Amino acid sequence: IIITMSESKRQRGDSGPLMPDVTCVRAVAEAASADALILVTPTPTQPPQWLDEGLKRAVGEAASADAAFGQGATLLVNGAAPGSRLIVAATGPLHRDYDDVRRYADAATAAMTRARSAGARNIVLAAAPPTAGPLLSQYSQYLEVAALAALAVAYNPLENREHAAKSGKPTLFIDRFAILAPKETHPDGAAVVQRVLCTEEARVVCRDIGGADPERMSAIPIVEYISSLFRETSAVKVHVEADPDRIQEKYPLLAAVARSSLHVPRHAPRVVTLDYSGEGEIKRTLFFIGKGITYDTGGADIKYGGNMAGMHRDKVGAAVVVGLFRYLSRTLPKNVR
């Protein structure tokens, strides 16, 4: 991971946890402390069988009274729902040749946004499968996709979390997030939720590095973040090259790009090597290289007219590689280096 300028409290004590607690429940009643239930469904007027009878009636009454029910995310106030909040979001059609599982992502995004604006902090997500049998294979990961989309809405940027921690305020928008995985549709529900958790942790790491401003995530703070991220695991080895002479010798093109930043010590470049070796005989060895330009000014051809505003995101290549290694450290795949 080449970085240059031109999780939890265990990872960084002053930013709080990386993400909400994520759990698997088999029934809404298992999430006793929840204050909202999100239902993502392709058929909002026909709620799934596993939904509480009182909530089924509420959905039916809303559909009868509101011709626009199912368009966007709708909040129903009903005492049978956790926190008296039921948020229904329809996926829209799933059968057309240009429809895909992003229909679930869009609906979950709208529902989670509505739940946040309603003040919910302990949310249960339920997603109903497609009703047409042939679509089940095409949409086999609808629950994971919906959950990841909802968790993306729950993300609070790194600088916000650090500021909130200093102010003694909550560092996350959502405290707990339960994924409803009924045994009828997801007998492997715990494994599904574990995949979601590991994937979202990796995405949070990527967002933290890639989205943070060029001072908070210049090369040296990025190295500190990476080191703290893998400090408590032996699965990923971290090596940092910081010596400018060795960088000049081993990475002359990087040194050429970074030469103007050498005059500002806090902007000095770094090269980070991450190494994961899975258990068992190594059968595949893969290499990933992530470029991290923490602020791409354009060099001699400097950018102007507002075009520099998003250039701190030129480090997302490096951020993606770090996120991948976070995923590896959590899932521990075998026979691969």
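Up top is the structure these notes are about.
Note that the structure is a prediction, hence the values are computed from the model and not measured. (Residues numbered from 1 in each chain as written. Predicted model: local features only at pLDDT ≥ 70, side-chain atom pairs only at ≥ 80, totals over all residues. Heavy atoms only, no water.)

## A word on the packing of helix H6 (residues 189-211) against helix H10 (residues 316-331)
Describing two packed helices takes the angle between their axes plus the distance from one axis to the other.
At step 1: Where H6 meets H10, the closest approach of the two axes is 8 Å, and the angle between their N-to-C directions is 150°. When the interaxial angle is binned, H6 and H10 end up roughly antiparallel. When the axes of H6 and H10 are compared, the crossing they make is right-handed. Across the interface between the two elements, Gln194, Arg195, Leu197, Cys198, Thr199, Glu201, Ala202, Val205, Cys206, Ile209 and Gly210 from H6 touch Val316, Ala319, Val320, Val322, Gly323, Arg326, Tyr327, Arg330 and Thr331 from H10.
At step 2: Residues of the contact of H6 with H10, tallied by class, amount to 11 nonpolar, five polar and four charged. (Axes fitted to C-alpha atoms, helices over the stretch in contact; angles between N-to-C directions. Helix = DSSP H or I, 4+ residues; strand = E, 2+ residues; numbered from the N terminus. Parallel < 35°, antiparallel > 145°, perpendicular 65-115°, else oblique. Left-handed = near helix turned anticlockwise from the far one by under 90°. Contact = heavy atoms within 4.5 Å. Nonpolar A, V, L, I, M, F, W, Y, C, P; charged D, E, K, R; others polar.)

## What about empty space enclosed by the protein?
To find leftover empty space, a probe the size of one water molecule is rolled over the atoms.
At step 1: There is about 50 Å³ of room inside the largest cavity.
At step 2: Residue lining of the largest cavity: Leu18, Met19, Pro20, Leu151, Ala154, Tyr155, Asn156, Leu172, Glu200 and Val204, and that is the complete set.
At step 3: Elements with a contribution of two residues or more to the lining of the largest cavity: helix H4 (142-154) and H6.
At step 4: Within the lining of the largest cavity, the residues separate by chemical class into eight nonpolar, one polar and one charged. (1 Å grid on protein atoms, 1.4 Å probe; cavity = no way out; pocket = protein on both sides within 12 Å on 5 of 7 lines; lining within 4 Å. Points joined across faces, edges and corners; volume = space filled by probe spheres on them.)

## Quick notes on unusual backbone geometry
At step 1: A positive phi is found at Leu332, a non-glycine position, where the angle reads about 50°.
At step 2: Structurally, Leu332 is set in the segment after H10.
At step 3: Look at Leu332 and you get partly exposed, because its relative accessible area is 48%.
At step 4: Phi is positive for Asn335, which is not a glycine, with a value near 65°.
At step 5: With respect to the helices and strands, Asn335 occurs in the segment after H10.
At step 6: Residue Asn335 is classed as partly exposed on the basis of its relative accessible area of 27%. (Buried < 20%, exposed > 50% of the residue type's maximum accessible area, 1.4 Å probe, protein only.)

## Examining the sheet that holds strand S5 (residues 85-90)
At step 1: Pairing in this open sheet of six strands is mixed, and the strands run S2-S7-S6-S3-S5-S4 from one edge to the other. Unpaired on one side and paired on the other, strand S2 (21-25) and strand S4 (73-77) mark the two borders of the sheet. Mean inter-strand twist for the sheet, computed between neighbouring axes without regard to direction, equals 20°.
At step 2: Here strand S3 (residues 36-41) pairs with strand S6 (residues 122-127) via five bridges, running parallel. (Pairing = 2+ DSSP bridges.)

## Quick notes on the pairing of strand S9 (residues 270-276)
At step 1: With five of its seven residues buried, S9 lies for the most part within the structure.
At step 2: Relative to S9, strand S8 (residues 236-241) runs antiparallel, the two sharing six bridges. Within S9, the position partnered with His239 by the bridge is Thr273.

## Remarks on the packing of aromatic side chains
At step 1: Counted under the stated rule, the structure contains two aromatic pairs.
At step 2: An angle of 55° between the planes, with centres 6.1 Å apart, marks the rings of Tyr104 and Tyr139 as tilted. Highlighted residues: Tyr104 in helix H2 (residues 102-117) and Tyr139 in the loop between helix H3 (135-138) and H4, separated in sequence by 35 residues. Comparing Tyr104 with Tyr139 shows no difference in burial state: the two are buried.
At step 3: Each ring, one from Tyr104 and one from Tyr142, has its centre 5.3 Å from the other, and the planes form 40°; the classification is tilted. Taken together, the residues span a long stretch of sequence, with Tyr104 in helix H2 and Tyr142 in helix H4 at a distance of 38 residues.
At step 4: Taking relative accessible area as the criterion, Tyr104 reaches 0% and is therefore assigned buried.
At step 5: When its relative accessible area of 5% is taken as the criterion, Tyr142 is described as buried.
At step 6: The ring of Phe173 has Arg116 sitting right over it, with the charged end atom 3.7 Å from the ring centre.
At step 7: The lysine or arginine in question, Arg207, covers the ring of Tyr155, its NZ or CZ lying 5.0 Å from the ring centre. (Phe/Tyr/Trp six-rings, centres within 6.5 Å; stacked < 30°, edge-to-face > 60°. Lys NZ or Arg CZ within 6 Å of the ring centre and 35° of its normal.)

## Some words on the pattern of salt bridges
At step 1: All told, the structure shown has 15 salt bridges when counted by the stated rule.
At step 2: In this structure, Arg330 engages Glu201 in a salt bridge whose closest nitrogen and oxygen atoms are separated by 2.9 Å. Residue Arg330 is found in helix H10, and its partner Glu201 is found in helix H6; the two are separated by 129 residues along the sequence.
At step 3: For Arg330, a relative accessible area of 31% gives the class partly exposed.
At step 4: Taking the relative accessible area as the measure of exposure, Glu201 reaches 7% and is therefore buried.
At step 5: A network of salt bridges, in which partner residues are shared, links Arg96, Asp99 and Arg103. (Salt bridge = Lys/Arg side-chain N within 4 Å of Asp/Glu carboxyl O.)

## Some details on the nonpolar core
At step 1: Ile38, Met112, Ile123, Phe177 and Ile209 are the most contacted members of the largest nonpolar core, which has 65 residues in total.
At step 2: Setting aside chain neighbours within four positions, we find Ile38 in contact with Ile87, Ala111, Met112, Ala115, Ile123, Val124, Leu125 and Ala126.
At step 3: Counting 18 residues, the second largest nonpolar core, distinct from the first, contains Val25, Ala34, Ala62 and Phe69. (Core = buried A, V, L, I, M, F, W, Y, C linked by side-chain atoms within 4.5 Å.)

Spatial relationships are all this shows, so hold off on functional conclusions.
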